[in-house]
Structures are given as structure tokens and as C-alpha cells.
Amino acid sequence: MTQPFTEEQVQRYARHIILPNIGGAGQRKLLDASVLVIGAGGLGSPIALYLAASGVGHITLCDHDTVDLTNLQRQIVHYTESIGLPKVESARLTLARINPEVQVEAIASKVGGRLDELVSAADVVLDATDNFATRHAINRACVRHRKPLVSGAGVRFDGQIAVFDLRRDDSPCYHCLFPEEGDLEEMRCAVMGVFAPLVGIIGSMQAGEALKLIMGIGEPLQARLLLMDVLNMQIRTVKLSKDPSCKVCGN
Ligand SMILES: [Zn+2]
């Protein structure tokens, strides 16, 4: 028998528990879940806020950066008084104020050598980073450990999100979509600029997909890439398929 909710949990999560698709069973899955979020910036902020507010029991946040004044226009988990703090520590403080029962593990370094250990311990991995090298490293670890990966990106007014449920044999991976050898230009917020709510929209969608994957409800954005132009509010979805010759997930 699963552990009963405390009276406080019944109230805190009441609006989830009354949803027929979630109920007590779904909320229990969230409380028991462990999620890895890599990046505590524009995308990581709404991701962390929604995961914590929703009651995801264990959140591991990884980011080597510190909070800077230029971050505050869009990185909504951080406050002005947190300038200079490691981003993961700033986020941990905010999340504790929202939901003290959530355990937040703050890793204030590049994910580097711990990637395999962290990915293997997670139920779902969220990529909220801003560079291709890290994205590919995260993808390779998710393929190795067969973990669902929720990938998001946003720059200027353009955002994208995709889910790669690598527990499934037929799932494409991030590398199938963006081969590393491709000469994709790296588009960083620092150079290109970013519309503040764009990363809020994409990050919130990533959090929603992660919750759905944990609970096994609905239809995830599996093997689909959703592209959003927030300036003109145009949204399209492209079906993705596994590349049989992919160097990362192919046979
Ligand atoms: Zn692949």
C-alpha cells in the first residue's frame, strides 16, 4: 500500500488530486520522483519552479554559473538580492520558500564527470542548457541509461522543445535531429538577445512534459519537435524519426 498523504499535502496538491488523470496515484508518483535539471537559467527557472510547486520529490539542479544582473530579465527563479550567488544555490533558496518538502540537490559545477551518475539516478532528465557540446553530452548519457530526455531551447523570439523517450527502442535521440558534425551556428542569448517570456513558455512546457512522463499520462511530445515563433505566434510540430545510422543511438 502506498504511503498516505498528510493533511498538508492533501491541501497543497488538492488541484492536482481532483484532476481525473492525476488523482492521488499520480501525485504520489510526483512525490516519489527524481528529476535532473541541467541549467538554472532562463529555461531552468520555470522548470524548477513548476517541478517544485507540483511536488516532484527530488530535484537535482546543476549549473556552474553565478547570478548576474543581466540574468534577471528572464531567469525568474533568481532575485536581485541573489546576484553573485551560485545559480543553483539561489534557486534552492527560492524553491524552499515555495515548497519546503521538496528535496533540492544543488550542484554548483559543470555537470562534467558526474553526468552518468546523475542521469542514471534520475527518472526524467531536462536539458535547459545553452550550448551544443553539453546538449550532446546529456543526450549520450540519456541514451546510455535509457532515460527520457526533455530538451528545450530558446533565443530571440524562437523556441523549440522535443521529447526523446529513450526507454523506447524506436525513439530518436537528440543526435538524430542535430548531428554533431553539422555546422549549426551556436546561438547564445548573450549575443542574440532573448525575449523574456519565450524561455518562460518553453521551460513551462518542458516542466509539463516531465510531469506527464513521470505520471505516464496523456500523449507526450515524444519524437516530435515543436517550433514556436513567439513574435508572430506561429507554432508548428515536426515529426522526428530515428536515424538508423545515428552514431549515438543507432545499431
Ligand atoms: Zn540518435
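Here, the structure is the one placed above.
Sequence order sets the numbering: in each chain, residues are counted from 1 along the sequence as written. Thresholds applied to this predicted model are a pLDDT of at least 70 for local features of residues and 80 or more for the giving and counting of side-chain atom pairs; totals over whole chains, interfaces and linings are not thresholded and use all residues. The basis for every side-chain value is the complete set of heavy atoms in the structure, and neither hydrogens nor water enter the calculation.

*Asks:* Honestly, the coordination of the zinc ion in this entry has me stumped. Any pointers?
*Replies:* Perfect tetrahedral coordination of a metal by four donors corresponds to 109.5 degrees between them, and perfect octahedral coordination by six donors corresponds to 90 or 180 degrees. Protein-derived ligands of the zinc ion are C173 (SG), C176 (SG), C246 (SG) and C249 (SG), with the metal-ligand distances lying across 2.3 Å. Water is absent from the atoms considered, so a metal site may look incomplete; donors are defined as N, O and S atoms within 2.8 Å of the metal, or 3.2 Å for Na, K and Ca. All geometry calls rest on donor angles, where a four-donor set with angles between 85 and 135 degrees is tetrahedral, four- and six-donor sets with opposite donors more than 155 degrees apart and all others between 65 and 115 are square planar and octahedral, and all else is irregular. Bound by 4 donor atoms, the zinc ion shows angles of 95 to 122° at the metal and therefore tetrahedral coordination geometry. Mapping the donors of the zinc ion onto the primary sequence yields the spacing C-x2-C-x69-C-x2-C. With C176 in helix α8 (residues 174–177) and C249 in the segment after β8 (234–239), this pair connects stretches of sequence that are 73 residues apart. Residue C176 is classed as buried on the basis of its relative accessible area of 14%. Comment: elements are numbered from the N terminus, with helices defined as DSSP H or I runs of at least four residues and strands as E runs of at least two. Summary of the burial criterion: residues with accessible area below 20% of their type's maximum are buried, those above 50% are exposed, and those between are partly exposed, where the area comes from a 1.4 Å probe applied to protein chains only.

*Asks:* Before we go on, may I ask you to explain the pattern of salt bridges in this structure?
*Replies:* Oppositely charged side chains can pair when the atoms bearing their charge come close. What makes a salt bridge here is a side-chain nitrogen of Lys or Arg within 4 Å of a carboxyl oxygen of Asp or Glu, nothing more. All told, the structure shown has 12 salt bridges when counted by the stated rule. In this structure, the salt-bridge partner of R167 is D165, at a minimum N-O distance of 2.8 Å. Note that D170 is salt-bridged to R168, the shortest N-O span being 3.0 Å. Residue classification places R168 among the partly exposed positions, given a relative accessible area of 40%. Residues joined by salt bridges that share partners form a network here, namely E105, R114 and E117.

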